[in-house]
Amino acid sequence: MPKPKAIPLVPIPTSCFDENHLPSVLHQPDPMTPEAERQARRRTCRFIEEAGGQRCLRLPRVAIATATVFFHRFYAKHAFQEHDRFEVAMACLLLAGKTEESPKKLDLVIRECWKLRRKAQQQQNKLVAGGDSPNVGGMSPNNIMSSPSPSTGGDLQMKSDEFARLKERVLLLERVILHTIGFELSIDHPFKFLIDCAQGLSKKRLLEYNPTKKAKLVGKDGQPLGKPQQNNQLVQELAQNAISFANDSLHTSLCLQFGAQQIAMACVYLSGTHAGIGPIGGKTWLDLLDGIGVEELTSISVQILELVQSNRRGVDSGQFRAIRKDLDEMMKSNRAAGGGSSQPDAKRQKVN
């Protein structure tokens, strides 16, 4: 069977992809700010990730990623004010499980997602009682499910009216999502591209650890690693970090802005610079990464770094500042070479 062609993104006018022109921001009479819209996406993406994970639905990683892309594409054409974002998340998980050949029963999806939300609500109530501002499990107090009915004892009963309503609503949303995304169910993700890129660069011996990092590479016996061992560790570290950055990218709207291969190349760049890995022979990362320009690399990298720094405590901000400095220098070199003078626009969207 021939490999299907790359699926185009949802055909929305380019102007609608600007954060200031997204449906939730333009919605009347209660528009969201771009920042609030961005946070709603991030929080619900964390919910999808946790609900699809090993403690709940046990979906494969690719199915969780597909559900997240479905979610982003849905809210590129619909407003958060029009549809409960967690009900949409349930429908995305249900549809993605079918798409990625890991189907889950509707009753199971609803039960697991309900339990996750109820747990988050209980933790939220404890924080409120303690005087803290809650943001548990990616859910703000204004977007938590209403309190479980006293008649259910806090559990969602399968024969209850609430359960029947949720089933009907999720099934309806599944159909709405399908129409919204134009029935385009085959999704390219960055993971395959970045693994291929990391392995290809390693095989060609185009990367090496910087001197400071190389001096710290020792084996279990305390002796310095040989070249083959260094190369094996390099490709493993490069791929693992890149996968982590790719997972982070799913919590942003990057899948609406750039192709999966471009995102993958940026994740490899971030992984290498974060791990002290760089090109050999005076080359630059742009010399090694195919299919991405300096503006695209900068825009993708900045959005991922901004997300990581806002979500993770204890991150090495000095490392991230060094990466940003490297990106700025690449932009300056590009402008000096006549590659354009415009600054990278993190809100600029690209439609394939």
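Parameters and conventions
- Residues numbered from 1 in each chain as written.
- Predicted model: local features only at pLDDT ≥ 70, side-chain atom pairs only at ≥ 80, totals over all residues.
- Heavy atoms only, no water.
- Helix = DSSP H or I, 4+ residues; strand = E, 2+ residues; numbered from the N terminus.
- Buried < 20%, exposed > 50% of the residue type's maximum accessible area, 1.4 Å probe, protein only.
- Phe/Tyr/Trp six-rings, centres within 6.5 Å; stacked < 30°, edge-to-face > 60°.

**Structural notes on unusual backbone geometry**
Glycine aside, residues mostly have negative phi angles, and peptide bonds mostly take the trans form. Cis geometry marks the peptide bond from Gln28 to Pro29, where omega comes out at 10°. Mapped onto the elements, Pro29 comes out in the loop between helix H1 (23-26) and helix H2 (34-51). The residue Arg58 is not glycine, and still its phi comes out positive at about 55°. Looking at where Arg58 falls in the secondary structure, it is placed in the loop between H2 and helix H3 (61-74). Judged by its relative accessible area of 57%, Arg58 is exposed. Positive phi outside glycine occurs at Glu101, with the angle close to 60°. You can call Glu101 exposed: its relative accessible area is 74%.

**Comments concerning the packing of aromatic side chains**
One pass over the structure, following the stated rule, counts six aromatic pairs. With centroids separated by 4.9 Å and ring planes inclined at 75°, the aromatic side chains of Phe47 and Phe86 adopt a geometry described as edge-to-face. Of this pair, Phe47 sits in helix H2 while Phe86 is found in helix H4 (residues 85-99), placing the two residues 39 residues apart along the sequence. No difference in accessibility class separates Phe47 from Phe86, as the two residues are buried. Here Phe71 and Tyr75 contribute two aromatic rings whose centre-to-centre distance is 5.1 Å and whose plane-to-plane angle is 65°, an arrangement assigned as edge-to-face. Residue classification places Phe71 among the buried positions, given a relative accessible area of 0%. By the ring-pair criterion, three or more aromatic residues cluster together here, those being Phe71, Phe74, Tyr75 and Phe80.

Structural measurements only, silent on function.
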